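Next come the chains, spelled out residue by residue.
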Amino acid sequence: MKKWMYLIFPGAMLVLFLAFYFSEGKKTHERETKYKAEATRIAAKKQADKDLLEAKARADSKKRSEQRAADEAAKQAKVRADWEKTGHEIQDAINEANAKSVLSNKKISELTRQLTELRGQKEKANRELLDLDKALELAKISRRTAEIETQRMAEMVAKRAVDSSLTKVPPTPAPAS
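### Thoughts on the overall build of the chain
- Secondary structure assignment for the chain yields one helix and zero strands.
- On C-alpha atoms alone, the chain measures out to a radius of gyration of 72 Å, which is more than a quarter above the 16 Å that the 2.2 N^0.38 rule sets for 177 residues.
- On the principal axes, the C-alpha backbone points of the chain span a range of 250 × 45 × 20 Å.
- Counting across all 177 residues of the chain, residues that qualify as buried make up 0%.
- Surface accessibility of the chain: about 17,000 Å² in total, with carbon and sulfur atoms responsible for 63%.

If you want it as structure tokens, here you go:
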């Protein structure tokens, strides 16, 4: 019997092992199917959550891009409005400067005409002054010439008077003795 013990105990142990193995195999198989079902459910839930998040992200991204586009359009509209406002201000300044230029040109032409007129008057006054100076000098020369002529005539008359017998005192008669 000792020989059979080498076969019986290991055989019994094998049977016992196989009984536990197959019963645990069924439990393991059930756990694996539960695990796979749970994993599939979790994966499906994760996929649904992921799809939901992606949809939210797309909607949020679309909303942000629309907001960004609206902001960009508003910025461009503001820039365009500022540009046009600045353009109008510049055009108004140009128009005002042109109007001032026209007025200034009219004033310049008027002042130029007045200046020409005044220069003509100045030239006429200078000519008159020179003519009067010339007449004055001629009058002074004539006066001096007349004075010299008067002096010459007076000297001539005085000389003739001195030389004349009428102006000489008659000699005193000799005393009658």
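### Here's the deal with a nonpolar patch on the surface
- Together, Leu14, Phe17, Leu18, Tyr21 and Phe22 make up a nonpolar patch on the protein surface, roughly 540 Å² of accessible area in all.
- Among the secondary structure elements, tyrosine 21 is positioned in helix H1 (residues 2–163).

### So, the packing of aromatic side chains
- By the definition in use, this model includes two aromatic pairs.
- Ring centres of phenylalanine 17 and tyrosine 21 lie 5.8 Å apart, and the angle between their planes is 25°; on these two criteria the pair is classed as stacked. Of this pair, phenylalanine 17 and tyrosine 21 both sit in helix H1, four residues apart, which is roughly one turn of the helix. Like tyrosine 21, phenylalanine 17 is exposed.
- When the centroid spacing of 5.6 Å and the interplanar angle of 70° are considered together, the rings of tyrosine 21 and phenylalanine 22 count as edge-to-face.

### Brief notes about the pattern of salt bridges
- Under the definition given, this model contains 11 salt bridges.
- Where glutamate 24 meets arginine 31, a salt bridge forms, and the shortest distance between an N and an O atom there is 3.6 Å.
- Where glutamate 38 meets arginine 41, a salt bridge forms, and the shortest distance between an N and an O atom there is 2.1 Å. With glutamate 38 and arginine 41 both in helix H1, this residue pair falls three residues apart, about one helical turn.
- The class of arginine 41 is partly exposed, set by a relative accessible area of 46%.
- When salt bridges that share partners are traced, they join Glu24, Lys27 and Arg31 into one network.

### Regarding the environment of histidine 29
- Position of histidine 29 relative to the elements: it lies in helix H1.
- Overall, the relative accessible area of 51% leaves histidine 29 in the exposed class.

Each value, and the rule that gives it
Residues numbered from 1 in each chain as written. Predicted model: local features only at pLDDT ≥ 70, side-chain atom pairs only at ≥ 80, totals over all residues. Heavy atoms only, no water. Helix = DSSP H or I, 4+ residues; strand = E, 2+ residues; numbered from the N terminus. Rg over C-alpha atoms; globule rule 2.2 N^0.38 Å. Buried < 20%, exposed > 50% of the residue type's maximum accessible area, 1.4 Å probe, protein only. Areas by Shrake-Rupley, 256 points an atom, 1.4 Å probe, with all protein chains shown as cover. Patch = residues over 30% accessible without salt bridge, like charges linked within 9 Å, V, L, I, M, F, W, Y side chains within 5 Å. Salt bridge = Lys/Arg side-chain N within 4 Å of Asp/Glu carboxyl O. Phe/Tyr/Trp six-rings, centres within 6.5 Å; stacked < 30°, edge-to-face > 60°.

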